[in-house]
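# A closer look at the structure
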Amino acid sequence: MLFGLKGIWKSFGSKTVLEDLSLSVDSGEVVGLLGPNGAGKTTALRIAVHLLRPERGEVLFRGKNTREAPAEYLAKVGYVPEDPLFYEHLTGWELIELVNSLRGHGPRGGSQRLLKAFDLLDSLSSPVGELSKGQRRGLSIAIAMLHRPDLLLLDEPTSGLDPGHVHTFKRLLKNAVKNGAGALLSTHITALAEEVCQRIAIIKEGRIVEGPADVEDLLERNDSQNVEELFLRVVGKV
């Protein structure tokens, strides 16, 4: 196991938003976390990158609790948040140089290929605050992948991307996994999950209600033709 969430509980005030949540990701696979809005997907990923602390449970990386060596763990993670927050006054190049400096890499090391893939090279001399939503999303994906992380944690990563750049994202994700990375993909886009995920878990009201399991096994045992139908059956929409 590359990464895992084990017995995670999280509440905000009197509301429990994650209830005994457990899942795992192996190297060389994408695990999809599907659920309706408000199901707890973003909270789970924020816990995974130490932006939130659970009341109970563990975040595991290569079998060890990530609280034991958080900096070492996070250095091996690429995270795309649902709503990327940037230093708006920095140019794109300044932001990349800042991130690479914090990671101990060269100022623009390895960035050209990823930035070109998202058609960003001509826009990065402008302040990040002037970029479009799609450009900001492409920039957040590129930054997450720059250091070739062992683990990708992706929260609605295609939001705001046009179809061409969605295709680019899928190609880059598949290549990363082919080269040994693992990925946890939070999404409500069932077609994306069906195309790129090897296993899927469905979360509803803070609990895993199906999976994680191989996509084909889930479809068969739920008498579903595709992941969209599976999702609607499991969350009670059909």
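Note: the structure precedes this text.
Described below are features of the structure shown in this document.

Basis of the calculations
Residues numbered from 1 in each chain as written. Predicted model: local features only at pLDDT ≥ 70, side-chain atom pairs only at ≥ 80, totals over all residues. Heavy atoms only, no water. Pairing = 2+ DSSP bridges. Helix = DSSP H or I, 4+ residues; strand = E, 2+ residues; numbered from the N terminus. Contact = heavy atoms within 4.5 Å. Axes fitted to C-alpha atoms, helices over the stretch in contact; angles between N-to-C directions. 1 Å grid on protein atoms, 1.4 Å probe; cavity = no way out; pocket = protein on both sides within 12 Å on 5 of 7 lines; lining within 4 Å. Points joined across faces, edges and corners; volume = space filled by probe spheres on them. Nonpolar A, V, L, I, M, F, W, Y, C, P; charged D, E, K, R; others polar.

The next point concerns the sheet that holds strand 2 (residues 15-25). Pairing between the strands of a sheet is mediated by backbone hydrogen bonds and can be parallel or antiparallel. Spatially, four strands are ordered 2-1-4-5 in an open sheet, and the strand pairing comes out antiparallel. The open sheet has two edge strands with one neighbour each: strand 2 and strand 5 (64-65). Two elements, strand 1 (residues 3-12) and strand 2, share seven bridges in a ladder whose sense is antiparallel. Residue F3 lies in a different strand from strand 2, and its bridge partner there is V25. Helix 1 (residues 41-48) contacts strand 1, strand 2 and strand 4 (56-61) of the sheet and is inclined by roughly 115 degrees relative to strand 1.

Pairing within the open sheet is mixed, and its six strands lie in the order 6-7-8-3-9-10. Each of the sheet's edge strands pairs with one partner strand only, and the pair in question is strand 6 (77-80) and strand 10 (207-214). On average, adjacent strands in this sheet sit at an angle of 10 degrees to one another, irrespective of strand direction. The pairing of strand 9 (residues 199-204) with strand 10 spans five bridges and is antiparallel. Bridge assignment links I203 to a residue of strand 10, and that residue is I208. In this fold helix 1 packs onto strand 3 (30-34), strand 6, strand 7 (151-155), strand 8 (182-187) and strand 9, with an angle of close to 150 degrees to the strand it touches most, strand 7.

In this approach the atoms are scanned with a rolling probe the size of a water molecule, which exposes any empty space left behind. Each pocket or cavity is described by its volume, and for the largest pocket that value is around 950 Å³. Lining the largest pocket are 27 residues, with Y79, P81, L85, R103 and I143 positioned closest to its centre. Mapped onto the lining of the largest pocket, the elements with two or more residues apiece are helix 1, strand 6, helix 3 (92-103) and helix 5 (133-145). At five residues, the largest contribution of residues to the lining of the largest pocket is made by helix 3. Residues belonging to the lining of the largest pocket are distributed by class as follows: 17 nonpolar, five polar and five charged. Each pocket or cavity is described by its volume, and for the second largest pocket that value is around 300 Å³. Going through the elements one at a time, helix 4 (111-117) and helix 6 (163-178) are the ones with two or more residues in the lining of the second largest pocket. Broken down by class, the residue content of the lining of the second largest pocket amounts to seven nonpolar, three polar and three charged.

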